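In case you want the letters, here they are:
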Amino acid sequence: MNIKKWITSGILAASALTLAACGDASNTSADNDNMKTVGVLQLVQHGSLDAAYEGFKEGMADAGYTEGENVTFDYQNAQNSQDNLKSMSEKLIKGDPDLLLGIATPAAVSLANETTEVPIVVTAVTDLVEAKLADSNDAPGRNITGTSDMVPIEQQIALLLSIVPDAKTIGVMYNAGEANSKIQADLAESALKKAGVDVKVLTANTTNDVQQVTTSLAKDVDGIYVPTDNTFASAAAIVGEVAKETKTPIVAGSVDQVNDGALATYGIDYKSLGIQTGKLAAKILDGDAEPATTPVETAETLELVVNDEMAEALGIDPASIVAPE
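**Regarding the overall build of the protein chain**
(1) Moving on: On a plain count of helices and strands, the protein chain comes out with eleven helices and twelve strands.
(2) Moving on: Relative to its 325 residues, the protein chain shows a buried fraction of 54%.
(3) Moving on: Within the structure as shown, the protein chain displays about 13,300 Å² of accessible surface, and the carbon and sulfur contribution to it stands at 45%.

What follows is the structure, encoded as structure tokens:
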């Protein structure tokens with residue numbers, strides 16, 4: 001797949017803004033006093049969250065923590081199961097980790113429910129305050145900090161409307177059970193109404209519902225917006241196939257969703273966000289930062305990404321898609 005990518009904004013402030021078990025802890029020498037252990041809990045396997053974890057390890061390595069040399073990762077993937085989240089959180093705490101990483105809001109909340117002492121860094125969480133993980137983004141006040149994946153909703157809506165300038169109705173689809181997705185969907189609906197466009201919203205509870213919801217919505221709208229929703233991200237390829245069949249432009253919340261099937265985004269690269277998170281975690285392990293006083297960070301870069309293959313399938317010139325002002 002040919003993906004065009006432009007980095008279109010520089011550093012944003014690292015500031016407040018209100019994503020079956022398989023352990024892979026490395027076997028390393030137990031007598032290494034400098035060895036740190038990081039327990040990792042990921043909500044579900046899909047491109048964005050996988051990229052965040054990959055980036056996290058890369059960011060830690062950049063900061064001097066190399067897997068197998070001075071850090072081990074006890075990685076658990078809950079496969080979107082609440083029962084797994086609970087049992088895996090308990091297992092990670094019993095492993096006496098030096099730090100915990102929660103990838104996506106439900107994973108972060110599950111870890112937070114198990115400990116108020118072990119430092120927790122989170123990523124792919126849209127709103128830490130809304131999720132009751134932090135008192136504020138400037139001063140979390142607890143044992144938790146991390147990086148927010150809040151995306152520029154208004155600019156993403158502007159991007160979609162620039163692709164379908166004559167649109168009368170735009171669809172929004174997400175899993176209403178994901179709090180972060182609802183925040184984004186509500187903001188998207190508000191932006192669309194402000195632009196004078198009718199909005200139709202459909203939700204899916206599981207990935208099994210995604211194809212039907214996408215097909216149904218595509219029949220009634222001129223374009224679709226999908227936030228950084230874990231359910232839809234897990235089925236991004238299915239969304240892309242429906243988009244091709246129905247000739248429906250889809251703007252998604254993240255770069256990885258475009259890689260997997262959407263038309264375009266102006267948003268976050270989750271690997272880059274993971275790298276940023278890894279460097280933040282390293283500061284905490286080094287003793288140079290405390291979660292309670294370390295502000296929640298936002299993405300340092302935003303990117304316009306266009307899926308050329310999808311554009312051509314929809315009869316759209318990829319070069320005509322430009323970053324919103």
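**Side note on the side chain of Asp 229**
(1) Moving on: Structurally, Asp 229 can be placed in the loop between strand S9 (223–226) and helix H7 (230–234).
(2) Moving on: Buried charge without a partner: Asp 229 forms no salt bridge, and the closest opposite charge is Lys 182, 11 Å away.

**Considering the pattern of salt bridges**
Two side chains of opposite charge can pair, provided their charged atoms sit close to one another.
(1) Moving on: For the structure on display, the rule yields ten salt bridges.
(2) Moving on: Lys 86 is the salt-bridge partner of Glu 114, the closest N and O atoms lying 2.8 Å from each other. Remark: Lys 86 occurs in helix H2 (residues 82–94) and Glu 114 occurs in helix H3 (residues 105–114); sequence separation between them is 28 residues.
(3) Moving on: Under the relative-accessibility criterion, Glu 114 is labelled partly exposed at 25%.
(4) Moving on: Here Lys 182 makes a salt bridge to Asp 186, at a shortest N to O gap of 3.3 Å. Of this pair, Lys 182 and Asp 186 both sit in helix H5 (residues 179–194), four residues apart, which is roughly one turn of that helix.
(5) Moving on: On the basis of relative accessible area, Lys 182 is assigned to the partly exposed category, the value being 38%.
(6) Moving on: Salt bridges linked by common partners bring Glu 54, Glu 58 and Lys 271 together as one network.

**Observations regarding H2**
(1) Moving on: Between the first and last C-alpha of H2 there are 19 Å, a value that for 13 residues agrees with the 18 Å anticipated at 1.5 Å per step.
(2) Moving on: Along H2, the residues classified as buried are Leu 85, Met 88, Ser 89 and Leu 92. Seen end-on, H2 carries its buried residues on one side only, within an arc spanning 110°. Those residues of H2 that are exposed and aimed more than 90 degrees away from the buried face are Asp 83 and Lys 94.
(3) Moving on: Contacts made by the buried residues of H2 are with strand S2 (36–42), strand S3 (71–77), strand S4 (99–103) and H3.
(4) Moving on: Immediately downstream of H2, the backbone of Asp 96 shows phi near 55°, a positive value.

**Here's the deal with the environment of Gly 315**
(1) Moving on: Within the element layout of this structure, Gly 315 appears in the segment after helix H11 (308–313).
(2) Moving on: Judged by relative accessible area, Gly 315 falls into the exposed class, the value being 69%.
(3) Moving on: Put simply, Gly 315 and Lys 247 are 68 residues apart on the chain and 8.4 Å apart in space, counted from C-alpha to C-alpha.

**Observations concerning empty space enclosed by the protein**
(1) Moving on: Estimated volume of the largest cavity: approximately 70 Å³.
(2) Moving on: What lines the largest cavity is simply Val 226, Phe 232, Ala 236, Val 239, Ile 250, Ala 252, Gln 257, Gly 261 and Ala 262.
(3) Moving on: Secondary structure elements with two or more residues in the lining of the largest cavity: helix H8 (236–246) and strand S10 (250–252).
(4) Moving on: Looking at the lining of the largest cavity residue by residue, the classes come out as seven nonpolar, two polar and no charged.

**As for the pairing of S2**
One face of the sheet, then the other: side chains in a regular strand alternate in exactly this way.
(1) Moving on: Of all seven residues in S2, five are buried; the element is thus mostly enclosed.
(2) Moving on: As defined by bridge partners, S2 adjoins S3 across seven bridges and the pair is classed as parallel. Among the inter-strand pairings, Lys 36 is bridged to a residue of S3, identified as Val 71.
(3) Moving on: Pairing analysis gives five bridges linking S2 to S4, with the strands arranged parallel. Directly across from Val 38, in S4, lies its bridge partner Leu 99.

Reading guide: rules and limits
Here the residue index of a chain counts from 1 through its sequence in written order. Two thresholds apply to this predicted model, a pLDDT of at least 70 for residue-level local features and 80 or more for giving and counting side-chain atom pairs, whereas whole-chain, interface and lining totals are computed over all residues. As a rule here, side-chain values cover all heavy atoms of the structure and leave hydrogens and water aside. Elements are defined by DSSP. Helices are runs of H or I of four residues or more, strands are runs of E of two residues or more, and each kind is numbered from the N terminus. Partly exposed residues are those whose accessible area sits between 20% and 50% of the maximum for their type, while under 20% is buried and over 50% is exposed, using a 1.4 Å probe and protein chains only. Surface exposure here means Shrake-Rupley accessible area, sampled with a 1.4 Å probe, where a residue is shielded only by the protein chains that are shown. Lys and Arg are tallied as positive, Asp and Glu as negative. Neither His nor the chain termini are counted. The working definition used for a salt bridge is a side-chain nitrogen of Lys or Arg within 4 Å of a carboxyl oxygen of Asp or Glu. Expected helix span is computed as 1.5 Å times (number of residues minus one). The arc refers to the directions leading from the helix axis to the C-beta atoms. Residues count as neighbours in contact if any of their non-hydrogen atoms are within 4.5 Å of one another. As defined here, a cavity is a set of points on a 1 Å grid over the protein atoms alone where a 1.4 Å probe fits but cannot get out. A pocket is an open set with protein on both sides within 12 Å along at least five of seven lines, and residues line them when an atom is within 4 Å of a point. Grid points are joined across faces, edges and corners, and a volume is the space filled by probe spheres set on the points. Any residue that is not Ala, Val, Leu, Ile, Met, Phe, Trp, Tyr, Cys, Pro, Asp, Glu, Lys or Arg is counted as polar, Gly included; the first ten are nonpolar and the last four charged. In this scheme, strands are said to pair when DSSP sees at least two bridges between them.

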